[in-house]
Amino acid sequence: MGKIIAVTNQKGGVGKTTTAVNTAAGIAKLGKKVLLVDIDPQGNATSGVGVDKRSVKYSSYSIMVDDVPAEQVIVHTQFDNLDIIPSGIELAAAEIELVEAEKREAKLKNALAMVKADYDFIFIDCPPSLGLITTNAFCAADTLLVPIQPEYYALEGLSQLISTVRKIKRRYNQYLDIEGVLLTMYDGRLNLTQQVVEEVKHFFPRKVFRSVIPRGVRLSEAPSFGMPIMYFDKSCKGSISYMELCEEIIKNNQ
């Protein structure tokens, strides 16, 4: 039975989609069967694994709004063991269209329940907000993976996220837990980085991944080629760091 991990942070620009794409692809490369679910209307995770958003018949909008079965929406990527439920621009309207729907917060959960047994891991790339689409991800997920850039404003976003998680646990998904907090765009030479790391460890004792993701030009170049970093440049620091993270996640879930 697949474990569902939502990659989330309502603050933009922290490497959320980069983390969703590279963690999904890296774990797949290590031999696990992985499904990546793109529920961000920008669809960057979809193009990040080389799938053309304009050419897909169905998208995550189709499963949440039109009740199309997930197996009809899944696209096989060119990368080992990695499938995707793509996103499309129409997903931007889903927030409004779901308002009237019955059990609107469980649409994604019910859709993924049909394919969960086919995968070892399912990663959900959430939009950078805490609206109804993200609520769907939190209701479907077993755990949350939270990428954080070690800067002052990161801590403000964390308290907001914790408050949302408490509400979701109380109302919809009592088993929701934190998979781990991932430090991205990491520069250990800065004093501020060390201060933020200490604060994050205080917020989430024993939940901060040992692996950290450094800044890197190759990491920002890879999406424009539609390739996860370990296929684009397997020897760069970003690739090595993401593969270490993938091994850490697999080990934690044995």
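Residues numbered from 1 in each chain as written. Predicted model: local features only at pLDDT ≥ 70, side-chain atom pairs only at ≥ 80, totals over all residues. Heavy atoms only, no water.

Would you mind showing me how to read the overall build of the protein chain here?
The secondary structure content of the protein chain amounts to 12 helices and 8 strands. In terms of overall dimensions, the protein chain is globule-like: its C-alpha atoms have a radius of gyration of 17 Å, near the 18 Å expected for 254 residues. With respect to the principal axes defined by its C-alpha atoms, the protein chain has extents near 50 × 40 × 35 Å. Pairs at least 24 apart in sequence give 79% of the contacts found in the protein chain among residues at least 6 apart. Computed over 29 positive and 30 negative side-chain charges, the inter-centroid distance for the protein chain is 5 Å. (Helix = DSSP H or I, 4+ residues; strand = E, 2+ residues; numbered from the N terminus. Rg over C-alpha atoms; globule rule 2.2 N^0.38 Å. Contact = heavy atoms within 4.5 Å. Lys, Arg positive; Asp, Glu negative; His and termini not counted. Charge placed at Lys NZ, Arg CZ, Asp CG, Glu CD.)

Sorry if this is basic, but what is going on with the state of the cysteines here?
Note on terminology: a disulfide is the covalent bond linking the sulfur atoms of two cysteines. The full count for this structure, using the stated rule, is 0 disulfides. Among the cysteines around C126, which has no disulfide bond, C139 carries the closest sulfur, lying 11 Å off. Taking the relative accessible area as the measure of exposure, C126 reaches 0% and is therefore buried. With no disulfide of its own, C246 has C236 as its nearest cysteine by sulfur position, at a separation of 13 Å. (Disulfide = S-S within 2.5 Å. Buried < 20%, exposed > 50% of the residue type's maximum accessible area, 1.4 Å probe, protein only.)

Would you mind going over the packing of aromatic side chains with me for this structure?
The relation between two aromatic rings is expressed through the spacing of the ring centres and the mutual angle of the planes. The tally for this structure, following the rule as stated, stands at 4 aromatic pairs. With a centroid separation of 6.1 Å and 20° between ring planes, the pair formed by F121 and F123 is classed as stacked. With a relative accessible area of 0%, F123 lands in the buried category. The ring of Y231 has K29 sitting right over it, with the charged end atom 5.2 Å from the ring centre. (Phe/Tyr/Trp six-rings, centres within 6.5 Å; stacked < 30°, edge-to-face > 60°. Lys NZ or Arg CZ within 6 Å of the ring centre and 35° of its normal.)

Sorry, what's going on with the pairing of strand β2 (residues 34-38) here?
A regular strand carries its side chains on alternate faces of the sheet. Where burial is concerned, most of β2 is hidden: 5 out of the 5 residues are buried. Of the two faces of β2, the one holding V34, L36 and D38 and the one holding L35 and V37 are both buried throughout. Two strands pair when backbone bridges link them, and β2 and strand β4 (residues 82-85) are joined in this way by 4 bridges, in the parallel orientation. Each residue of the ladder has a partner; that of L35, found in β4, is D83. Inspection of the sheet shows β2 paired to strand β5 (residues 121-125) by 5 bridges, in the parallel sense. Within the sheet, the bridge partner assigned to D38 lies in β5 and is D125. (Pairing = 2+ DSSP bridges.)

I'm lost on the environment of Q78 in this one. Help?
Tracing the sequence through the fold places Q78 in the loop between β3 (75-76) and β4. Its relative accessible area of 60% is what places Q78 among the exposed residues. Distance in space between the C-alpha atoms of Q78 and L158 is 35 Å, their sequence separation being 80 residues. Setting aside residues up to four positions removed in sequence, Q78 forms contacts with V49, G50 and G226.

Before we go on, may I ask you to explain the pattern of salt bridges in this structure?
Proximity of charged atoms lets side chains of opposite charge pair with each other. What the rule picks out here adds up to 10 salt bridges. Here R54 makes a salt bridge to D52, at a shortest N to O gap of 3.2 Å. When its relative accessible area of 35% is taken as the criterion, D52 is described as partly exposed. D177 is the salt-bridge partner of K207, the closest N and O atoms lying 3.4 Å from each other. Of the two residues, K207 is situated in the loop between α9 (191-203) and β8 (208-214) and D177 in strand β7 (residues 177-186); the sequence distance between them amounts to 30 residues. Via salt bridges that share partners, K16, D40 and D125 belong to a single interconnected network. (Salt bridge = Lys/Arg side-chain N within 4 Å of Asp/Glu carboxyl O.)

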